[in-house]
Amino acid sequence: MSGWPQDSVLDALTEEWRVIDGLLAELDGDQWLTPSNLPGWTVHDIVSHLIGTESLLSGINPPSVDLDVHALPHVHNEIAAFNERWVEGLKRTPHMDLLAHYRDITARRSDALRSMTSADWDAETQTPVGLAPYGRFMRIRTFDCWMHELDIRDAVGIPGEEGGLRAETAFAEITSALGFVVGKRGKAPEGARITFELEGPLARSLHVSVDARASLVEELDGPATTTISMSSPLFTRIAGGRVHASDHRTDISLRGDTTVGTRVVDNLAFTI
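One structure accompanies this document, and this report is about it. Everything numeric here is computed off the predicted structure, so don't read it as measured data. (Residues numbered from 1 in each chain as written. Predicted model: local features only at pLDDT ≥ 70, side-chain atom pairs only at ≥ 80, totals over all residues. Heavy atoms only, no water.)

**Thoughts on the packing of helix 1 (residues 6-25) against helix 8 (residues 165-176)**
It is the contact of helix 1 with helix 8, at a shortest axis distance of 8 Å, that shows an interaxial angle of 115°. Comparing their axes, helix 8 and helix 1 come out roughly perpendicular. Our pair here, helix 1 against helix 8, has a crossing hand that is left-handed. Mapping the contact onto sequence places Ser8, Val9, Asp11, Ala12, Glu15, Glu16 and Val19 in helix 1 and Leu165, Arg166 and Thr169 in helix 8. Looking at the contact of helix 1 with helix 8 residue by residue, the class counts come to 4 nonpolar, 2 polar and 4 charged. (Axes fitted to C-alpha atoms, helices over the stretch in contact; angles between N-to-C directions. Helix = DSSP H or I, 4+ residues; strand = E, 2+ residues; numbered from the N terminus. Parallel < 35°, antiparallel > 145°, perpendicular 65-115°, else oblique. Left-handed = near helix turned anticlockwise from the far one by under 90°. Contact = heavy atoms within 4.5 Å. Nonpolar A, V, L, I, M, F, W, Y, C, P; charged D, E, K, R; others polar.)

**Focus: the packing of aromatic side chains**
This model, assessed by the stated rule, comprises 4 aromatic pairs. With centroids separated by 5.8 Å and ring planes inclined at 50°, the aromatic side chains of Phe171 and Phe235 adopt a geometry described as tilted. With a gap of 64 residues between them, Phe171 in helix 8 and Phe235 in helix 10 (residues 232-239) connect regions that are remote in the sequence. Each of the two residues, Phe171 as well as Phe235, counts as buried. Pairing Phe196 with Phe235 gives two aromatic rings, centres 5.6 Å apart and planes at 70°, and the pair type is edge-to-face. Highlighted residues: Phe196 in strand 3 (residues 193-199) and Phe235 in helix 10, separated in sequence by 39 residues. Owing to a relative accessible area of 0%, Phe196 belongs among the buried residues under this scheme. (Phe/Tyr/Trp six-rings, centres within 6.5 Å; stacked < 30°, edge-to-face > 60°. Buried < 20%, exposed > 50% of the residue type's maximum accessible area, 1.4 Å probe, protein only.)

**Some remarks on the pattern of salt bridges**
Counted by the stated rule, this structure contains 22 salt bridges. Lys91 is the salt-bridge partner of Asp45, the closest N and O atoms lying 3.1 Å from each other. With a gap of 46 residues between them, Asp45 in helix 3 (residues 43-57) and Lys91 in the loop between helix 4 (78-89) and helix 5 (95-114) connect regions that are remote in the sequence. A relative accessible area of 2% places Asp45 in the buried class. (Salt bridge = Lys/Arg side-chain N within 4 Å of Asp/Glu carboxyl O.)

**Comments concerning helix 11 (residues 258-266)**
Along an α-helix, residues three or four positions apart point the same way, because every turn accommodates 3.6 residues. Listed as buried for helix 11 are Val260, Gly261, Val264 and Val265. The buried side chains of helix 11 occupy one side of the element, clustering within an arc of 125° when seen end-on. On the buried face of helix 11, the contacting elements are helix 9 (178-185), strand 3, strand 6 (226-231), helix 10 and strand 7 (253-256). Among the residues of helix 11, the N-terminal cap falls to Asp257, whose side-chain oxygen and the backbone nitrogen of Thr259 are separated by 3.2 Å. (Arc of directions from axis to C-beta. Polar contact = N/O pair within 3.5 Å; in protein donor to acceptor, adjacent residues only side chain to side chain.)

**Details of the environment of Leu131**
If you trace the backbone, Leu131 turns up in strand 2 (residues 130-133). Taking relative accessible area as the criterion, Leu131 reaches 56% and is therefore assigned exposed. C-alpha of Leu131 to C-alpha of Pro73: the two residues are 58 residues apart in sequence and 29 Å apart in space. Non-local contacts of Leu131, meaning those with residues more than four positions away in its chain, are made with Glu124, Thr125 and Gln126.

**Focus: the pairing of strand 2**
Bridging between strand 1 (residues 124-127) and strand 2 involves 4 bridges; their strand directions are antiparallel. Bridge pairing in strand 2 links Thr125 to Ala132. Here strand 1 folds back onto strand 2 in antiparallel fashion, the turn holding 2 residues. (Pairing = 2+ DSSP bridges.)

**Some remarks on helix 8**
Over its 12 residues, helix 8 extends 17 Å from the first C-alpha to the last, a length consistent with the 16 Å expected when each residue adds 1.5 Å. Every buried residue belonging to helix 8 is among Arg166, Ala167, Thr169, Ala170, Phe171, Glu173, Ile174 and Thr175, and all of these are buried. (Expected span 1.5 Å × (residues − 1).)

The quantities given are spatial measurements derived from coordinates; they are silent on function.
This is the structure in structure tokens:
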């Protein structure tokens with residue numbers, strides 16, 4: 001079985017859309033305009049981005065805007081520029097109209113996804129990580145939407161459940177990148193054995209072994225040379241590039257080779 005079984009991933013993605021819907025329905029007007037931890041974006045802008053991505057996947061073009069989105073300080077590539085066209089195009093949409101738009105496009109996407117055949121699901125397509133099965137793309141979508149739920153919750157101060165099916169599905173995108181992050185970005189040396197001990201809603205131990213290349217393994221072949229302990233919510237936000245480990249030193253415990261541990265957590269972010 002692949003890491004993106006059709007029924008499970010679609011259940012997670014559509015559940016995520018429902019949870020975001022319920023969260024947005026709680027917000028008052030001021031909360032929609034709360035700045036998020038994503039540069040330049042408010043909660044309203046995050047929802048515009050979600051609408052934009054699902055619209056793209058439905059074959060809908062972004063609105064025309066007069067603003068040169070490439071000139072915005074937080075726009076560094078063409079993907080960001082595309083996102084910003086939706087954000088700018090929907091910026092003056094009343095909040096409740098934006099929520100209605102979100103509900104409409106996610107309902108349309110849910111219907112389209114549920115009608116897909118297994119062949120459609122397994123067919124290779126262009127994704128944020130290159131050419132991959134469409135099912136992998138939808139696991140990435142679950143991750144992206146889950147992270148944006150957390151962005152909205154962190155902005156407005158409404159906590160929520162960070163475990164369950166949608167979180168586990170999204171978290172698989174983080175763990176699939178962990179070997180690359182530890183080896184390439186964190187520059188863990190040959191022979192390193194790294195263990196992440198996570199507490200909280202996604203509690204688990206994650207092990208990375210560095211032999212020629214760094215790989216996520218079920219268990220280490222010997223003692224960990226570095227052990228990194230933190231809560232799963234903090235791990236998620238550091239890996240997602242939302243916060244910096246350097247601002248949370250007291251919330252992170254390092255044992256063993258702490259030089260390697262510090263370098264790994266300081267380079268844990270993998271999102272573009």
